[in-house]
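Coordinates in review
Residue strings, one per chain:
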Amino acid sequence: MTDLTPPAKRPANPRFSSGPCAKIPGYSLNMLADAPLGRSHRAGVGKAKLREAIDLTREILGVPADYRIGIVPASDTGAVEMAMWSLLGARPVEMLAWESFGEGWVTDVVKQLKLDATVRIAPYGQIVDFGLVDFDKDVVFTWNGTTSGVRLPNGDAIPAKRQGLTICDATSAAFAMDLPWDKLDVTTFSWQKVLGGEGAHGVLILSPRAVERLETYTPAWPLPKIFRLTAKGKLIEGIFAGETINTPSMLANEDYLVALKWAKGIGGLAALIARATANAQVVHDFCARNPWIANLAEDPATASTTSVCLKFTDPRITDGEAFAKAVARRIEKAGAGFDLGAYRDAPPGLRIWCGSTVETTDVQALMPWIAHAFAAEIAGLAQAA
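Please read all numbers here as calculations on a predicted model, not as lab measurements.

Observations concerning the overall build of the protein
- Tallying secondary structure elements over the protein gives eight helices and 14 strands in all.
- A compact globule built from 385 residues would reach a C-alpha radius of gyration of about 21 Å, and the protein, at 21 Å, matches this within 12%.
- Across its three principal axes, the protein shows a C-alpha extent of roughly 70 × 50 × 30 Å.
- Split into buried and exposed, the 385 residues of the protein put 57% on the buried side.

Regarding a nonpolar patch on the surface
- Among the surface-exposed residues, Val110, Val119 and Ile121 lie close enough to one another that they form a single nonpolar patch of about 220 Å² accessible area.
- Mapped onto the elements, Val110 comes out in helix 3 (residues 100-112).
- When its relative accessible area of 33% is taken as the criterion, Val110 is described as partly exposed.

A few points about the sheet that holds strand 13 (residues 307-312)
- Here we have three strands laid out as an open sheet, ordered 12-13-14, and antiparallel in their pairing. Sheet topology places strand 12 (293-295) and strand 14 (350-353) at the edges, where each strand pairs with a single neighbour. Sheet twist, expressed as the mean angle between neighbouring strand axes with direction ignored, is 30 degrees.
- Examined bridge by bridge, strand 13 and strand 14 share four bridges and lie antiparallel to one another. Within the sheet, the bridge partner assigned to Cys309 lies in strand 14 and is Arg351.
- Most of the contacts of helix 8 (residues 360-384) go to strand 14, to which it runs at about 170 degrees, and overall it touches strand 12, strand 13 and strand 14.

Looking at the packing of helix 5 (residues 250-266) against helix 6 (residues 268-289)
- Packing of helix 5 against helix 6 brings their axes to within 6 Å, and their N-to-C directions diverge by 90 degrees. Taken together, helix 5 and helix 6 sit at an angle that is classed as roughly perpendicular. Contacts between helix 5 and helix 6 pair Trp262, Ala263, Lys264 and Ile266 from the former with Gly268, Ala271, Leu272 and Arg275 from the latter.

Observations concerning the pattern of salt bridges
- The final tally for this structure, using the stated rule, is 18 salt bridges.
- Here Lys261 and Glu52 are joined by a salt bridge, their closest N and O atoms 3.3 Å apart. With Lys261 in helix 5 and Glu52 in helix 1 (residues 44-61), the pair connects residues that are 209 residues apart, well separated along the chain.
- With a shortest N-O distance of 2.8 Å, Asp138 and Arg213 are connected by a salt bridge. Note that Asp138 is positioned in strand 4 (residues 138-142) and Arg213 in helix 4 (residues 208-216), a separation of 75 residues in sequence.

So, the packing of helix 1 against helix 5
- At a minimum axis distance of 10 Å, the contact between helix 1 and helix 5 shows a crossing angle of 35 degrees. Between helix 1 and helix 5 lies a crossing whose hand is left-handed. Contacts between helix 1 and helix 5 involve Gly46, Lys49, Leu50, Glu52, Ala53, Leu56, Thr57, Glu59 and Ile60 from the former and Met250, Asn253, Glu254, Tyr256, Leu257, Leu260, Lys261, Ala263 and Lys264 from the latter.

Quick look at helix 6
- Its 22 residues place the ends of helix 6 32 Å apart at the C-alpha level, agreeing with the 32 Å of an ideal helix rising 1.5 Å per residue.
- Buried residues of helix 6: Gly268, Leu269, Ala271, Leu272, Ala276, Asn279, Ala280, Val282, Val283, Phe286 and Cys287, and no others.
- Check the buried side of helix 6 and you find it contacts helix 1, helix 5, strand 12, strand 13, strand 14 and helix 8.

Describing the environment of Lys161
- Within the secondary structure, Lys161 sits in the loop between strand 6 (150-151) and strand 7 (166-169).
- You can call Lys161 exposed: its relative accessible area is 80%.
- Remark: the alpha-carbon pair of Lys161 and Pro14, spanning 147 residues in sequence, is separated by 45 Å.

So, the environment of Asp299
- Note on placement: Asp299 falls in the loop between strand 12 and strand 13.
- Along the backbone, Asp299 and Ile127 are 172 residues apart, and their C-alpha atoms lie at a distance of 9.0 Å.

Looking at helix 7 (residues 320-333)
- When the terminal C-alpha atoms of helix 7 are compared, their 20 Å separation across 14 residues agrees well with the 20 Å that a helix rising 1.5 Å per residue should span.
- Looking at helix 7, one finds that the buried residues are Phe323, Ala324, Ala326, Val327, Ala328 and Ile331.
- Looking at the buried positions of helix 7, the neighbouring elements they touch are strand 13, strand 14 and helix 8.
- Positive phi shows up at Gly335, right after helix 7, with a value of about 75 degrees.

Focus on the sheet that holds strand 7
- If you walk across this open sheet you meet the seven strands as 1-9-8-7-4-2-3, and the pairing is mixed. With one partner strand each, in any of the chains shown, strand 1 (68-73) and strand 3 (118-121) form the two edges of the open sheet. Shown here is a sheet whose adjacent strand axes are inclined to one another by a mean of 15 degrees, direction ignored.
- Bridging between strand 7 and strand 8 (residues 186-190) involves three bridges; their strand directions are parallel. Bridge pairing in strand 8 links Ile167 to Val186.

Some remarks on the pairing of strand 9 (residues 201-206)
- Of all six residues that make up strand 9, six are buried, and the element is covered over most of its length.
- Of the two faces of strand 9, the one carrying His201, Val203 and Ile205 and the one carrying Gly202, Leu204 and Leu206 are both buried.
- Note: strand 1 against strand 9, six bridges, orientation antiparallel. Residue pairing in the sheet places Ile71 in a bridge with Val203 of strand 9.
- In the sheet, strand 8 pairs with strand 9 via five bridges, with the strands oriented antiparallel. In the sheet register, Thr188 faces strand 9, and the bridge partner there is Leu204.

What counts as what
Residues numbered from 1 in each chain as written. Predicted model: local features only at pLDDT ≥ 70, side-chain atom pairs only at ≥ 80, totals over all residues. Heavy atoms only, no water. Helix = DSSP H or I, 4+ residues; strand = E, 2+ residues; numbered from the N terminus. Rg over C-alpha atoms; globule rule 2.2 N^0.38 Å. Buried < 20%, exposed > 50% of the residue type's maximum accessible area, 1.4 Å probe, protein only. Patch = residues over 30% accessible without salt bridge, like charges linked within 9 Å, V, L, I, M, F, W, Y side chains within 5 Å. Areas by Shrake-Rupley, 256 points an atom, 1.4 Å probe, with all protein chains shown as cover. Salt bridge = Lys/Arg side-chain N within 4 Å of Asp/Glu carboxyl O. Pairing = 2+ DSSP bridges. Axes fitted to C-alpha atoms, helices over the stretch in contact; angles between N-to-C directions. Contact = heavy atoms within 4.5 Å. Parallel < 35°, antiparallel > 145°, perpendicular 65-115°, else oblique. Left-handed = near helix turned anticlockwise from the far one by under 90°. Expected span 1.5 Å × (residues − 1).

Worth remembering: the numbers are spatial, not functional.
This is the structure:
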């Protein structure tokens, strides 16, 4: 095969979107047959299904028994907003961001809640210096930058004994990375990410310290009903036992249950982490072999194992955005990889979802297609010159 000859093999599953992400291997709609459709989520069967999702989430993620887990509306965004609007304002705040969603949380805290927060923003490809962060303040951050491909490598910089709360958006990290629960007071994610569940719902996990804050602090601003976690100064425990704030989709919950049971069946969190790590390594090795492409993450220790972001480095490329889009279009047209373009706010390049539901063989099959598309587009530039 020459560089301009299309590869003979395509990924069996060409879905590499960073959200909603690829479904579990062997997925079929028939797996949802047990969903209690047409039943109230407040009926016994509905509550039981929601509680089962909470219990399996705790089991697989290893969430401590004294942490609360709730299913909340509006995906990860709803969970993060609920936490910020309900908890912030009691102490000084530090906002940390190294990608667009983190910067969105900064905007909400500074411009909407109008808090005088310390803001630390790292450029794409880098992460903020956690050694400068004051954890006696409340600290808000993303664990893994879905749009930047840069992650916190571990929680070592977060002191176990701290005065402030840590509020962590872990939506593209949960189930694929090891989260240190003793360092996290509020953790959020959407099951549309690493487990490939259907969208619309978020998960909110609260430590005992976060619950204490909720029960002893009343924000200065009014809270919409959809954000309220307390009543008469006490946590609304039902939210964390399957009694959701608004009507959930029992079909989406069943889809999450299917993914959770698959995860448990393959070996739980350790197996999920291993799958994502192996997938990302394929891409990292590909970059090491090809000088014209590189990981957006500047430090390999912070390189994501789920949303792997790449940049083209060939000096012949004069319009990086147009070139990257052309490469992604060529691969998609061939049916070899869908949704590979970088996020709209990120630097031009590719973004390959390598989360736990993706098969390593599919990532391996994708790499020659990236090489082929690159060579074809470079040839087109030369011809147009």
